[in-house]
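Reading the structure
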Amino acid sequence: MTSPSPDLVIRRARTSDILGIRALVAPLAERRVLVSKEAVTYYEAVQEFRVAEREGEVVGCGALHVMWEDLAEIRTLAVADGLLGTGLGGRILEALVEDARELGIRRLFCLTFEVPFFTRHGFSAIEGQAVSAEVYAELLRSYDEGVAEFLDLERVKPNTLGNTRMLRTLE
């Protein structure tokens, strides 16, 4: 594993990073690895994102989306092709884990094709629901597609077919 360059920084995203995030995500969305989203969706969620920046360019990103009192989703975790295998994805993920801890989140969910990566970072595949029936009923009221994916609702199956639902409990 090659290490990322020392001039690389992981920080909170700004609105000026959205074009870079979208450019990073676009080829992954075309390959159906990540879900394609409208620009407005990224702007609405900018406060959820961390970015990796090198020489003014966004070369990695990831978001933490709170779903419930003790539950959040890791979303849109992506690294530039030239930096795959350098540990950058893990560094972004751990920054998001720290954000989760600061918010009092105890469980992290992800929907992914990258099972070995998330397994190395403490996630385990899950079947069924990871929330009580009462919380499930509350989450059904959300308009967020990611929440629908978490609930494993049929209406999102065409977009998420083949993905693995994973969960990590924070200590």
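For the structure itself, look to the data block above.
This is a predicted model, so every value here is computed, not measured. The numbering scheme is per chain: residues are counted from 1 as the chain's sequence reads. Local features in a predicted model are, by the rule used here, given only for residues with pLDDT of at least 70; side-chain atom pairs are given and counted only at 80 or more, and totals for whole chains, interfaces and linings are based on all residues. Excluding hydrogens and water, the side-chain figures rest on all heavy atoms present in the structure.

Let us now look at the nonpolar core. As used here, the term nonpolar core means buried Ala, Val, Leu, Ile, Met, Phe, Trp, Tyr and Cys residues forming a set that is joined through side-chain atoms within 4.5 Å. When a residue's accessible area, from a 1.4 Å probe over protein chains only, is under 20% of the maximum for its type it is buried; when over 50% it is exposed; and in between it is partly exposed. Grouped together as the largest cluster of nonpolar side chains are 23 residues, with contacts concentrated most on Ile74, Leu88, Leu93, Leu108, Phe118 and Phe123. Counting residues per element, the ones that place at least two in this core are strand S3 (57-68), strand S4 (71-79), helix H3 (88-103), strand S5 (107-112) and helix H4 (115-120). Counting residues in hydrophobic clusters, the runner-up holds 17 residues, among them Leu24, Val46, Val58 and Ala78. Secondary structure follows DSSP: runs of H or I at least 4 residues long count as helices, runs of E at least 2 residues long count as strands, and numbering of each begins at the N terminus.

Helices are assigned an expected span. That span is 1.5 Å times one less than the residue count. Taking 1.5 Å of rise per residue, 16 residues should cover 22 Å, and H3 covers 23 Å from first to last C-alpha, within 8% of that figure. Buried within H3 we find Leu88, Gly89, Gly90, Ile92, Leu93, Ala95, Leu96, Val97, Asp99 and Ala100. Taken from the residues just after H3, Gly104 is the one with a positive phi, measuring 85°.

Moving on: the pattern of salt bridges. A pair is scored as a salt bridge if a Lys or Arg side-chain nitrogen falls within 4 Å of a carboxyl oxygen belonging to Asp or Glu. For the structure on display, the rule yields nine salt bridges. A salt bridge links Arg11 to Glu53; its shortest N-O distance comes to 3.3 Å. Of the two residues, Arg11 is situated in strand S1 (residues 8-12) and Glu53 in strand S2 (residues 49-54); the sequence distance between them amounts to 42 residues. By relative accessible area, Arg11 is classed as buried at 11%. In this structure, the salt-bridge partner of Asp99 is Arg12, at a minimum N-O distance of 3.4 Å. You can see Asp99 sitting in helix H3 and its partner Arg12 sitting in strand S1, a full 87 residues away along the chain. Overall, Asp99 belongs to the buried group, its relative accessible area being 6%. What emerges from the salt-bridge pattern is a single network uniting Arg11, Asp17 and Glu53.

Turning next to the sheet that holds strand S7 (residues 164-169). One requirement defines pairing of two strands: DSSP has to find at least two bridges between them. The mixed open sheet is built from seven strands, whose spatial order is S1-S2-S3-S4-S5-S7-S6. Strands with a single pairing partner mark the edges of an open sheet, and in this sheet they are S1 and strand S6 (124-125). Each of S1, S2, S3, S4, S5 and S7 touches H3; the most contacted strand, S3, lies at about 35° to it. We call two residues contacting when some pair of their heavy atoms lies within 4.5 Å. Comment: axis = line fitted to C-alpha atoms, over the contacting stretch for helices; angle = value between 0 and 180 degrees taken between N-to-C directions.

Here we come to the environment of Leu84. Relative to the helices and strands, Leu84 resides in the loop between S4 and H3. Spatially, the C-alpha atoms of Leu84 and Gly60 are 9.8 Å apart, while their sequence positions differ by 24 residues.

Another aspect to go through is the packing of aromatic side chains. Here a Phe, Tyr or Trp ring, Trp counted by its six-membered ring, pairs with any other such ring whose centre lies within 6.5 Å, and the pair is stacked when the planes are under 30 degrees apart, edge-to-face when over 60, and tilted otherwise. Here the structure, examined in full by the defined rule, presents three aromatic pairs. Where Tyr42 meets Phe49, the ring centres are 6.0 Å apart and the plane angle is 50°; that geometry is what we call tilted. Each member of the pair Tyr42 and Phe49 is classed as buried. Arranged with centres 5.0 Å apart and planes meeting at 90°, the rings of Phe117 and Phe118 form a pair that is edge-to-face. Judged by its relative accessible area of 16%, Phe117 falls in the buried class. Taken together, the aromatic side chains of Phe117, Phe118 and Phe123 make up a single cluster linked through ring pairs.

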